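Here are the chains, one letter per residue:
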Amino acid sequence: MANSRFEYVKQFEREHHLLPDTYIVIRVDGKGFHKFSEEYKFDKPNDLRALQVMNRAAQAVMSQFSDVLMAYGDSDEYSFLLRKQCSLYERREMKLITMFASSISTNYYYYWNEEFPEKPLKQSRLPNFDARAVTYPNFSLIRDYFSWRQVDCHINNLYNTTFWTLVSKGGMTPKEAENKLIGTVASDKNEILFSQFGINYNNEPEIFKKGTILMREMTQEESEVNESELSSRQKQRIEKKRKKAEIKTYHEDLITNENFWTSRPWLSL
Ligand code: ATP
Ligand code: ATP
Ligand code: MG
Ligand code: MG
Ligand code: MG
Ligand code: MG
């Protein structure tokens, strides 16, 4: 089609290049997963195998895009942190978000079939994800970003755990449970769980309370490099190391654990 008289229509295309020298966070979120989780009868409040599908799909996305240094996810969402110097797709926003949305969707489908061979996905309800990209100019904002998502995970999980306990063990209807929780704060929910059902929320699985962190584990030596001073050959070597670096999984507190961040100085380079 090159050089045809029709080619002028290409000029109508517009690109948004994400601001250079900023951290990029791409967050994907499942479309209509409330319904999706009902259709495929997820365990409530948390279906562990469904979380594994998300985690394995996110890990596959991270393997595919070596610029992703870290990812955090819970429920039907995942946030991917791309390094500051990343030049993937020349930082074109449309390319980035459409590639991440389609990669998480297709990988979710793939790992669903591995985790749930007895529950094939129906064509009428397939997993779809949207994606957005946000740029942040400094690393303190990145830490606050991940703290925000982890607090969200905690608040939702405490609510959902209490709600479903009232329904499944307390014999309430969903409407009654909802009404009971109106206006309650965290300590009230902890108290309901403990005094009425003998459940200590602190003993709930970490993966439910904290979500999942995926880290591309680099080494100190790789982290001391200032990229702007490197030849393209040296850059390629580092790129290769990033690709080969192991991706590890954690369910830890990101908010108060200073060491989690300071022991990984390459995250903020
Ligand atoms: P939207 O399309 O606006 O994102 P949504 O229905 O996906 O709508 P979310 O706010 O993203 O709404 O919430 C996702 C919902 O998916 C949760 O509220 C929960 O009901 C369900 N869900 C996701 N993962 C799990 C899981 N592992 N176990 C149980 N339920 C889950
Ligand atoms: P990019 O990621 O930049 O889009 P690309 O390799 O997908 O790279 P395109 O310009 O999109 O490049 O071209 C798609 C290519 O896929 C075609 O040039 C052709 O080689 C191949 N292709 C796609 N569909 C078919 C098909 N049905 N039969 C044979 N080849 C196909
Ligand atoms: Mg949503
Ligand atoms: Mg959703
Ligand atoms: Mg969600
Ligand atoms: Mg193509």
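Here, every reference points to the structure presented above.
Residues numbered from 1 in each chain as written. Chains lettered and ligands numbered in written order. Predicted model: local features only at pLDDT ≥ 70, side-chain atom pairs only at ≥ 80, totals over all residues. Heavy atoms only, no water.

Draft legend 1. Spotlight on the site of ligand 1. Within the structure, ligand 1 sits among 17 residues, and Asp 29, Gly 32, Phe 33, His 34 and Asp 47 are positioned closest to it. Asp 29 places a side-chain nitrogen or oxygen 2.7 Å from an oxygen atom of ligand 1. Measuring from an oxygen atom of ligand 1, one finds a side-chain N or O atom of Asp 76 at 3.0 Å. Taken by itself ligand 1 offers 630 Å² of open surface, and the protein chains cover 68% of this. Among the elements that line the shell around ligand 1, the one with the most residues is helix H1 (residues 33-39), at three residues. Looking at the shell around ligand 1 residue by residue, the classes come out as five nonpolar, six polar and six charged. (Near = heavy atom within 4 Å. Polar contact = N/O pair within 3.5 Å; in protein donor to acceptor, adjacent residues only side chain to side chain. Areas by Shrake-Rupley, 256 points an atom, 1.4 Å probe, with all protein chains shown as cover. Helix = DSSP H or I, 4+ residues; strand = E, 2+ residues; numbered from the N terminus. Nonpolar A, V, L, I, M, F, W, Y, C, P; charged D, E, K, R; others polar.)

Draft legend 2. The packing of helix H4 (residues 139-168) against helix H5 (residues 174-181), seen in detail. At a minimum axis distance of 9 Å, the contact between H4 and H5 shows a crossing angle of 135°. Taken together, the axes of H4 and H5 lie oblique to each other. In the crossing of H4 with H5, the sense of the turn from one axis to the other is right-handed. Contacts between H4 and H5 involve Tyr 159, Thr 162, Phe 163, Leu 166 and Val 167 from the former and Pro 174, Ala 177, Glu 178, Lys 180 and Leu 181 from the latter. (Axes fitted to C-alpha atoms, helices over the stretch in contact; angles between N-to-C directions. Parallel < 35°, antiparallel > 145°, perpendicular 65-115°, else oblique. Left-handed = near helix turned anticlockwise from the far one by under 90°. Contact = heavy atoms within 4.5 Å.)

Draft legend 3. Molecular detail of the pairing of strand S2 (residues 68-74). When you tally the buried positions in S2, you get seven out of seven residues, the bulk of the element. Counting the residues between successive antiparallel strands, the hairpin from S2 to strand S3 (residues 77-82) contains two residues, one of them, Ser 75, with a positive phi of roughly 50°. (Buried < 20%, exposed > 50% of the residue type's maximum accessible area, 1.4 Å probe, protein only. Pairing = 2+ DSSP bridges.)

Draft legend 4. Spatial organisation of helix H6 (residues 186-197). Here H6 contains twelve residues, and its C-alpha end-to-end distance of 16 Å stays within 8% of the 16 Å for a straight helix at 1.5 Å per residue. All of the buried residues in H6 are Lys 189, Ile 192 and Leu 193. For H6, the angular spread of the buried residues around the axis is 90°, confining them to a single face. Here the buried face of H6 lies against H4 and H5. Just downstream of H6 lies Gly 198, where phi reads positive at about 65°. (Expected span 1.5 Å × (residues − 1). Arc of directions from axis to C-beta.)

Draft legend 5. Layout of the sheet that holds strand S4 (residues 129-136). Pairing in this open sheet of six strands is antiparallel, and the strands run S4-S1-S3-S2-S5-S6 from one edge to the other. Edge positions in the open sheet fall to S4 and strand S6 (247-250), since each of these has one partner strand only. Going across the sheet, the axis of each strand differs from the next one's by a mean of 15°, ignoring polarity. Judged from the six bridges that link them, S2 and S3 form a sheet pairing that is antiparallel. Its bridge partner lying in S3, Met 70 is registered against Leu 81. Against the sheet, helix H3 (residues 93-115) makes contact with strand S1 (23-30), S2, S3 and S4, and its axis sits at roughly 135° relative to S4, the strand it touches most.

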